[in-house]
Amino acid sequence: MDLGKLIQERIRDIPDYPKPGVMFKDITPLLADHVAFAGVVDSIVNHHGRGTIDKIVGIEARGFIMAAPVAYHFGAGFVPVRKKGKLPAATHAETYDLEYGNETIEIHSDALEPGDRVLIVDDVLATGGTARAAAELVRRSGADIVGLSVLLELSFLHGRDKLGNLDVHSLVTV
Ligand code: AMP
């Protein structure tokens, strides 16, 4: 079966979660299907090619699940971006606006080195605020961003428009 079709079949829509008006894209059925999960990991690695990436930056929390096997198959290291207060050592932090309030994410300030070739990985690109903040954290570390790979892009939220000339690779766009 076509991978894009399989991915769409394995992502479940949960209306009004975590709050009214949000259609939550639940990727757990996809993760539970080894053909779909392996297809996603291989597809991200093949898009860029082994040996082209030094570090995979995964975004808490579902991004971690995808980013770790992607890092392994690239032959790259894994670096977490987490919500404020979760990382134990010194961090860089970025705050961005949400519909209500704001969010702060952090990266260990010594996790990346200048010149590291970095791919950011997450499950869903929605409004783009999280990805933009993660990209800013990578830039502040002096590393080079190769791009952003996501499983699913919600194009009606125009997240891509927030990301300037960042190379955005989505396996499925709705
Ligand atoms: P955003 O900053 O709006 O692009 O949101 C991206 C982050 O929020 C990602 O880490 C996603 O995991 C999560 N997210 C946003 N919207 C959804 C959605 N409709 N379904 C599942 N996850 C979402």
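In what follows, the structure referred to is the one given above.
Predicted model only: the values in this text are computed from it and were never measured.

**Description of the nonpolar core**
Ranked by internal contacts, the top residues of the largest apolar core, which has 27 residues, are Ile 56, Phe 74 and Leu 151. Elements supplying a minimum of two residues to this core: α1 (3-10), α2 (28-31), α3 (34-48), α4 (62-74), β7 (117-125), β8 (144-153) and β9 (168-173). Ignoring any residue separated from it by four or fewer positions in sequence, one finds Phe 74 in contact with Ile 44, Val 45, His 48, Gly 49, Arg 50, Gly 51, Thr 52, Ile 53, Ile 56 and Leu 119. Counting 23 residues, the second-largest nonpolar core is a separate cluster that includes Val 57, Val 81, Tyr 96 and Ala 131.

**Side note on the site of the ligand**
Around the ligand sit 13 residues, and of these Asp 122, Asp 123, Thr 127, Gly 128 and Thr 130 come closest. In this structure, a nitrogen atom belonging to the ligand sits 3.0 Å away from a main-chain N or O atom of Met 23. At 2.9 Å, a backbone N or O of Lys 25 approaches a nitrogen atom of the ligand. Considering the ligand on its own, with 480 Å² of exposed area, one finds that the protein chains cover 82% of that surface. Mapped by element, the contributors of at least two residues to the shell around the ligand are β2 (23-26), β7 and α5 (129-140).

**Observations concerning the packing of aromatic side chains**
Summed over the entire model, instances satisfying the criterion amount to two aromatic pairs. Aromatic pair Tyr 17 and Phe 24: ring centres 5.2 Å apart, planes at 80°, arrangement edge-to-face.

**Considerations on the sheet that holds strand β6 (residues 102-108)**
One open sheet holds the seven strands; their spatial order is β5-β6-β4-β3-β7-β8-β9, and the pairing between them is mixed. Two strands bound the open sheet, and with one partner strand each, they are β5 (91-97) and β9. With strand direction ignored, the average angle separating the axes of adjacent strands in the sheet is 20°. Pairing of strand β3 (residues 55-59) with β7, which is carried by four bridges, proceeds in the parallel orientation. Bridging from a neighbouring strand, Ile 56 pairs with Leu 119 of β7.

So, how was this worked out
Residues numbered from 1 in each chain as written. Predicted model: local features only at pLDDT ≥ 70, side-chain atom pairs only at ≥ 80, totals over all residues. Heavy atoms only, no water. Core = buried A, V, L, I, M, F, W, Y, C linked by side-chain atoms within 4.5 Å. Buried < 20%, exposed > 50% of the residue type's maximum accessible area, 1.4 Å probe, protein only. Helix = DSSP H or I, 4+ residues; strand = E, 2+ residues; numbered from the N terminus. Contact = heavy atoms within 4.5 Å. Near = heavy atom within 4 Å. Polar contact = N/O pair within 3.5 Å; in protein donor to acceptor, adjacent residues only side chain to side chain. Areas by Shrake-Rupley, 256 points an atom, 1.4 Å probe, with all protein chains shown as cover. Phe/Tyr/Trp six-rings, centres within 6.5 Å; stacked < 30°, edge-to-face > 60°. Pairing = 2+ DSSP bridges. Axes fitted to C-alpha atoms, helices over the stretch in contact; angles between N-to-C directions.

Spatial relationships are all this shows, so hold off on functional conclusions.
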